[in-house]
Amino acid sequence: MSSSPLAAPLDVELRPDRPAILHVESPGDTASWAAQYRESLHAQVTEHGALLVRGLGLRDVSQVGAVFAGLAGALLPEQEAFAPREAYGPGLYSSTAWPANQPMCMHHELSYRLEVPGLMLFACLTAPGEGGATAVADAEQMLQALPTALTERFEREGWLLTRTYNDEIGASLTESFGTDDPAGIERYCRAHAIDFAWQPDGSLRTEQRRSAVVRHPLTGRRCWFNQIAFLNEWTLAPEVREYLVDEYGADGLPFNTRYGDGTPIGEDVVELLNTTYEQHTRREPWQAGDLMLVDNLRTAHSREPFTGERQVLVGMAEPRRLADCWPTSEASER
């Protein structure tokens, strides 16, 4: 076993039901440690898709921010958020605000943008009483496991994300676009291939078509990369969906997904996607002080229901343009 603060590759714990886990001894100066072993950690993420680092003893926001900076440099600001986060500094956020008793199903962060984070960073300051794992699933395996006819359709057509912004559910206009000025929002939408329509009541509806399958820019492998299931109405708890449909109408849901040609996605397809994700899920309960790195293109992640207090900080880095990740010669964006 290596005597250095970073364990040798043989010290990475590999089990089929868990993400790769690297056990380390607390290095004291965690920021310097992160910068020193940045390349080694990135290599592990490239090999395994996700890496949980245990033993750092991360304790506070400033320490996490310094470690994230050492590992990834400048962090990305979140744009087009679908739910609020608390900001702790440039690019350093709380986990997405989401009911503790409701799962956040498998997804790839911000996969509906034209530029997506290639790397996700998570740090646990307070572990929940029960549940609350940030589970992961391999996107290559997902693509191989799903029915070929289904993935070929999504690869051919892409997928549509529809959103209706209101003052009750989801992120506000300012949280998503950085402004509530209509002219500024319209400029953003035009620049990012988002169709938009202002409603008579002043609310905004948007629609954007994106790739459902991408080719990883480092490995060249094809990955199932989207938020088709997570942001679809059929993934919502039945009582939540019923309330939202009653309140806003079937066409006015805060977010929903469709096939790329605009056809609704059936409940059976969404159930198939979520069931297949579960079959490929790897999970490890958080411990306070843990760090996790996730390749956002190769690996989907989720947040499972939990009890008690849970504080997990999030950073995003290494921007990737979807235009550089098309698996075929035809783009899914318009």
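This one's a predicted model, so the numbers in the text were calculated from it and none came from an experiment.

A.B. asks: In this structure, what is going on with the sheet that holds strand β18 (residues 299-303)? I would like to understand it.
C.D. replies: The strands that make up a sheet pair up through hydrogen bonds in the backbone, lying either parallel or antiparallel. Strand order across the open sheet formed by four strands is β6-β18-β9-β16, with antiparallel pairing between neighbours. Taken across any chain shown, the strands that pair with only one partner, and hence form the sheet edges, are β6 (104-107) and β16 (281-282). Pairing of strand β9 (residues 136-138) with β16 involves two bridges; the strand directions are antiparallel. Bridge assignment links Val136 to a residue of β16, and that residue is Arg282.

A.B. asks: What should I look at first to understand the environment of Ala145 in this one?
C.D. replies: Mapping Ala145 onto the fold places it in helix α4 (residues 139-145). In this structure, the C-alpha to C-alpha distance between Ala145 and Gln279, residues 134 residues apart in sequence, is 9.5 Å. With sequence-adjacent residues up to four places away left out, Ala145 is seen in contact with Thr276 and His280.

A.B. asks: How do you make sense of the packing of helix α2 (residues 38-48) against helix α3 (residues 61-72) when you look at a structure like this?
C.D. replies: How two helices sit against one another is set out by the angle between their axes and by the gap between those axes. The geometry of α2 relative to α3 is characterised by a closest axis approach of 8 Å and an angle of 80° between their N-to-C directions. Classed by the angle they form, the pair α2 and α3 counts as roughly perpendicular. Within the contact between the two elements, α2 uses Arg38, Leu41 and His42 and α3 uses Ala69, Gly70, Leu71 and Ala72. Residue composition of the contact of α2 with α3, by class: four nonpolar, two polar and one charged.

A.B. asks: Would you take a moment to explain the confidence of the model for the chain for this structure?
C.D. replies: Atomic detail in the predicted coordinates should be set aside for any region of low pLDDT. Mean pLDDT over the chain works out to 93, with 95% of the residues at or above the 70 mark. In the model, residues 1-10 has pLDDT below 50 throughout and makes 21 contacts with residues more than four positions away in sequence or in other chains. Confidence over residues 329-334 falls short of pLDDT 50; this stretch has 18 contacts with residues more than four positions distant or in other chains.

A.B. asks: Honestly, the packing of aromatic side chains in this entry has me stumped. Any pointers?
C.D. replies: Applying the stated rule across the entire model yields 10 aromatic pairs. Between Phe82 and Phe255 the ring centres are 6.0 Å apart and the planes differ by 80°, which places this aromatic pair in the edge-to-face class. Residue Phe82 is located in the loop between α3 and β4 (87-89), and its partner Phe255 is located in strand β15 (residues 255-259); the two are separated by 173 residues in the primary sequence. Here Phe82 falls in the buried class, since its relative accessible area comes to 5%.

A.B. asks: I keep staring at the sheet that holds strand β11 (residues 195-198) and nothing clicks. Help me out?
C.D. replies: As summarised here, the arrangement of the four strands in space is β11-β12-β10-β15, forming an open sheet in which the pairing is antiparallel. Since the sheet does not close on itself, it has two edges, and those belong to β11 and β15, each with one partner. Ignoring strand direction, the axes of neighbouring strands in this sheet form an average angle of 15°. Bridge analysis of strand β10 (residues 159-165) against strand β12 (residues 204-210) gives seven bridges, and the strand direction is antiparallel. Bridge assignment links Thr162 to a residue of β12, and that residue is Glu207. Strands in contact with helix α5 (residues 148-157) are β10, β12 and β15; relative to β15, the strand with the most contacts, it is inclined by about 105°.

Calculation rules
- Residues numbered from 1 in each chain as written.
- Predicted model: local features only at pLDDT ≥ 70, side-chain atom pairs only at ≥ 80, totals over all residues.
- Heavy atoms only, no water.
- Pairing = 2+ DSSP bridges.
- Helix = DSSP H or I, 4+ residues; strand = E, 2+ residues; numbered from the N terminus.
- Contact = heavy atoms within 4.5 Å.
- Axes fitted to C-alpha atoms, helices over the stretch in contact; angles between N-to-C directions.
- Parallel < 35°, antiparallel > 145°, perpendicular 65-115°, else oblique.
- Nonpolar A, V, L, I, M, F, W, Y, C, P; charged D, E, K, R; others polar.
- pLDDT = per-residue confidence, 0-100.
- Phe/Tyr/Trp six-rings, centres within 6.5 Å; stacked < 30°, edge-to-face > 60°.
- Buried < 20%, exposed > 50% of the residue type's maximum accessible area, 1.4 Å probe, protein only.

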